[in-house]
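Listed below, chain by chain, are the residues.
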Amino acid sequence: MASTAKLHLTLLGLLFTTATVATAYTNHTVGGDFGWFFHSKTNTSATNYTSWAANQTFNLGDYLIFRTSTNQTVIQTYNETTYQSCSTDDALDTDTFQYDGGSPQFDQSLTIAVPLTIEGVNYYFSDGDDGVQCQRGMAFEILVRHGNGLPPSLNQPPPPPYVEPPGDPAQSPPVTINGGSPALNNKASAGGSDTGAMLYSVFFGVTSLLMTFMC
């Protein structure tokens, strides 16, 4: 009986732990039922995104779910200056990222999931219509807390730095092939020596004849 009770308690503990892990991270649908939209006719955002964000608690590993369309953009930045300017013109690649959106094909539905991987203040805005959407309310900031930390799926080491591939390898020294060619070369050299000896004999004979006639 005691063993059975311990087993039941263990199973309950595992179930509780599993449920806690499963609910440790939250998907936040930006704007709630209003989504991430801008009404061009009234020049207003679909809702007050600052008020929406103020009622949420954000932790590492959570996701922001932007239910939107190609008429808006999703800009994530850690740079307050970029956020205040409602523009990415002077933004750095290391602190500002643009997700899908801003397509020339308007009114196409999109769902964009943005993971929260940096603790601290995160800024979001749409720079559509040359920043007008941001200026008219499509912008908000959040404070990301540590919570349970990043899950393994988001806590991956950065890729190794790019290494320039080595240049062309040095050419290998020519390989000497033993065979017919060296033999031919050797024969040519030997033939040259015999020809020289014959010319010397002819020259010596002609010289001797001339000396005989002169005498």
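To be clear, the structure that these remarks concern was listed above.
Computed from a predicted structure; not experimentally measured.

Details of the overall build of the protein chain
For the protein chain, the helix and strand inventory stands at five helices and ten strands. Burial analysis of the protein chain (215 residues in total) assigns 26% to the buried set. Long-range pairs, those at least 24 residues apart, make up 74% of the contacts in the protein chain between residues at least 6 apart in sequence. Split by element, the accessible area of the protein chain, about 15,200 Å² in all, is 60% carbon and sulfur.

Quick look at the sheet that holds strand 8 (residues 109–115)
Read across the sheet, three strands follow the order 1-5-8 without closing on themselves; strand pairing throughout is mixed. Strands at the two margins of the open sheet, each flanked by one partner only, are strand 1 (27–29) and strand 8. Adjacent strand axes in the sheet meet at a mean angle of 25 degrees when their direction is disregarded. Strand direction decides the pairing type here: strand 5 (residues 63–69) and strand 8, joined by seven bridges, are antiparallel.

With respect to the state of the cysteines
Using the criterion set out here, one finds one disulfide in the structure. With its sulfur 2.1 Å from that of its partner, Cys 86 forms a disulfide with Cys 134. Around the S-S axis, the bridge from Cys 86 to Cys 134 shows a dihedral of about -60 degrees and counts as left-handed. Of this pair, Cys 86 sits in the loop between helix 3 (80–85) and strand 7 (96–98) while Cys 134 sits in helix 4 (residues 132–135), and the two are 48 residues apart along the sequence. Pair check on accessibility: Cys 86 and Cys 134 agree, each one buried.

About the thresholds
Each chain has its residues counted from 1, running along the sequence as written. For a predicted model such as this one, the threshold for reporting local features is a pLDDT of at least 70, and the threshold for listing and counting side-chain atom pairs is 80 or more; totals across whole chains, interfaces and linings nevertheless cover every residue. Calculation of side-chain values draws on the structure's entire complement of heavy atoms; hydrogens and water are dropped beforehand. Helix numbering and strand numbering both begin at the N terminus, where a helix is a DSSP run of H or I of at least 4 residues and a strand a DSSP run of E of at least 2. Note on exposure labels: buried denotes an accessible area under 20% of the residue type's maximum, exposed denotes more than 50%, and partly exposed covers the range between, all computed with a 1.4 Å probe on protein chains only. Any two residues having at least one pair of non-hydrogen atoms within 4.5 Å are treated as being in contact. Per-residue and other accessible areas were derived by the Shrake-Rupley procedure at a 1.4 Å probe size, with only the shown protein chains allowed to occlude residues. We treat two strands as partners when DSSP finds at least two bridges between them. Inter-axis angles, ranging from 0 to 180 degrees, are taken between N-to-C directions of lines fitted to C-alpha atoms, where helices are fitted over the stretch in contact. In this description, the term disulfide denotes a pair of cysteine sulfurs within 2.5 Å.

Just distances and angles here, no functional claims.
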